[in-house]
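Each chain is listed here by its residues.
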Amino acid sequence: MPERLTIIKLGGSLITDKSKPYTLREEQLKLITQEIAEVIGPCIIVHGVGSFGHVPVIERKLYEGYKGPEQLPGLSQTMVEVFELRMAVSKAVAEAGLAPVVFLPSNIFFMTEGEITGHFSGGLRQYLDLGMTLLVGGDMCADSQRGFSVCSGDKVVQLLSRLLGPRDVIFATDVAGIYTADPKLDPKAELIPHISLAKIDEYEKLADEAATPDITKGMRGKLEEIKRFESILKSGAEVAILGMTESGILRRYMNGDPDVPCTRITL
Ligand code: ADP
């Protein structure tokens with residue numbers, strides 16, 4: 001395992017254009033993966049599925065779970081479409097000089113009522129030990145109650161953090177962190193530099209569900225997952241939400257710059 005294990009989540013809004021179905025932000029993905037390779041090295045990269053996943057899941061009503069066999073071709077098709085994004089991210093990570101190995105949540109996790117309740121994850125550590133970079137994106141997982149459920153990248157981060165005990169957990173997205181209001185809609189919104197878990201409920205109200213299609217509830221969904229980070233923070237992990245549309249922010253953050261714009265999550 002790397003000495004300082006980092007889990008970095010690349011938001012769907014960062015690597016895809018959420019307002020345009022199946023649209024990759026190719027150049028941005030390249031810059032981001034290069035910065036990760038330079039600043040972090042081998043690590044765990046979790047990614048959202050953005051417009052490769054949310055659009056078909058909404059169109060095919062897959063978020064409702066299993067309703068009948070007529071849904072199954074659409075479920076498979078959605079998985080195939082998201083594969084295109086996995087391939088693109090995997091290629092970018094490899095071109096940046098890391099050695100990615102792709103894990104599919106649908107193969108290693110299972111869910112109950114939309115929450116991950118089990119896993120077959122023995123291989124994760126071993127690949128990390130080899131020096132590879134784990135790549136895990138959002139997916140549709142078997143669900144004992146609903147048939148299948150959406151498994152968001154944010155849920156994957158939460159589970160992998162509990163399993164593997166990272167030193168850093170970074171949610172990279174297309175805004176600098178959590179603001180007093182959605183910064184894309186309100187120019188007066190201010191960045192909140194620190195949020196304590198005890199007060200996270202107050203901030204959840206500030207985070208609107210995304211205006212663009214997002215069945216994982218946008219920034220609010222992210223905060224719902226971060227609420228469960230108590231044991232992860234108690235183990236000494238540093239957790240933050242930061243923007244990666246500009247290069248240099250990740251470098252400053254990892255180098256310990258106290259003034260880098262971001263939202264740090266504390267106990
Ligand atoms: P990602 O796909 O990167 O994981 P989301 O799209 O789910 O992220 O959430 C990020 C989006 O949430 C931002 O692009 C922003 O427009 C929106 N948002 C809504 N409310 C807030 C807020 N209070 N602070 C920051 N972003 C917010």
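Residues numbered from 1 in each chain as written. Predicted model: local features only at pLDDT ≥ 70, side-chain atom pairs only at ≥ 80, totals over all residues. Heavy atoms only, no water.

A. Representation of the overall build of the protein chain. Along the protein chain, the regular secondary structure elements total eleven helices and twelve strands. For 267 residues, the compact-globule estimate of 2.2 N^0.38 gives 18 Å, and the protein chain sits close to it at 17 Å. The C-alpha extent of the protein chain, read off along each of the three principal axes, is 55 × 45 × 35 Å. Counting all 267 residues of the protein chain, 54% fall into the buried class. For the protein chain, the proportion of contacts with a sequence separation of at least 24, taken over those separated by at least 6, is 72%. Total accessible area on the protein chain stands at roughly 12000 Å², and carbon and sulfur atoms take up 51% of it. A distance of 2 Å separates the average location of the 29 positive side-chain charges in the protein chain from that of its 36 negative side-chain charges. (Helix = DSSP H or I, 4+ residues; strand = E, 2+ residues; numbered from the N terminus. Rg over C-alpha atoms; globule rule 2.2 N^0.38 Å. Buried < 20%, exposed > 50% of the residue type's maximum accessible area, 1.4 Å probe, protein only. Contact = heavy atoms within 4.5 Å. Areas by Shrake-Rupley, 256 points an atom, 1.4 Å probe, with all protein chains shown as cover. Lys, Arg positive; Asp, Glu negative; His and termini not counted. Charge placed at Lys NZ, Arg CZ, Asp CG, Glu CD.)

B. Geometry of the pairing of strand β11 (residues 238-243). Burial runs high along β11: five of the six residues are buried. Summarising the sheet, strand β9 (residues 168-173) and β11 pair through six bridges and their orientation is parallel. Bridging across to β11, phenylalanine 171 finds its partner in isoleucine 241. Summarising the sheet, β11 and strand β12 (residues 263-266) pair through three bridges and their orientation is antiparallel. Paired with alanine 240 across the two strands is arginine 264, which belongs to β12. (Pairing = 2+ DSSP bridges.)

C. The arrangement of the site of the ligand in detail. Around the ligand sit 22 residues in total, of which Ser13, Thr173, Asp174, Lys184 and Lys222 are the nearest. Taking lysine 9, its side chain carries an N or O atom lying 3.2 Å from an oxygen atom of the ligand. Here an oxygen atom of the ligand and a side-chain polar atom of lysine 184 are 2.7 Å apart. Alone, the ligand offers 570 Å² of accessible surface; in the complex the protein occludes 96% of this. (Near = heavy atom within 4 Å. Polar contact = N/O pair within 3.5 Å; in protein donor to acceptor, adjacent residues only side chain to side chain.)

D. The pairing of strand β8 (residues 147-151), seen in detail. As paired strands, strand β7 (residues 139-143) and β8 are joined by five bridges and run antiparallel to one another. The residue of β8 that forms the bridge with cysteine 141 is serine 149. Here β7 folds back onto β8 in antiparallel fashion, the turn holding three residues.

E. Spatial organisation of helix α3 (residues 50-59). The element α3 is largely enclosed, with a buried count of eight among its ten residues. The complete set of buried residues in α3 reads Gly50, Ser51, Phe52, Gly53, His54, Val55, Pro56 and Val57. Tucked inside the fold, the buried residues of α3 contact α1 (12-15), α4 (72-95), β7 and β8. One or two residues past the end of α3 sits lysine 61, with phi positive at roughly 55°.

F. Quick look at the nonpolar core. Membership of the largest hydrophobic core comes to 45 residues, with the highest contact counts inside it found for Ile44, Phe109, Leu160, Phe171 and Phe229. Top element by residues in this core is helix α7 (residues 153-164). It accounts for five residues. What phenylalanine 171 contacts, discounting residues up to four positions off in sequence, is Lys9, Asp154, Val157, Lys222, Ile226, Phe229, Val239, Ala240, Ile241 and Leu242. Of all hydrophobic cores here, the second largest spans 32 residues; its members include Leu14, Val89, Leu242 and Cys262. (Core = buried A, V, L, I, M, F, W, Y, C linked by side-chain atoms within 4.5 Å.)

G. Region of interest: unusual backbone geometry. Backbone geometry at lysine 61 places phi at a positive 55°, although glycine is not the residue there. One non-glycine residue, glutamate 113, lies in the positive phi region at around 50°. Mapped onto the secondary structure, glutamate 113 falls in the loop between β4 (109-112) and β5 (115-119).

H. The arrangement of the packing of aromatic side chains in detail. The final tally for this structure, using the stated rule, is four aromatic pairs. Centre to centre, the rings of tyrosine 22 and phenylalanine 52 are 6.0 Å apart; their planes meet at 80°, and the pair counts as edge-to-face. Placement of tyrosine 22 in the loop between α1 and α2 (26-39) and of phenylalanine 52 in helix α3 is noted, with a sequence separation of 30 residues between them. Stacked on the ring of phenylalanine 83, the Lys or Arg arginine 86 has its end atom at 5.9 Å from the ring centre. (Phe/Tyr/Trp six-rings, centres within 6.5 Å; stacked < 30°, edge-to-face > 60°. Lys NZ or Arg CZ within 6 Å of the ring centre and 35° of its normal.)

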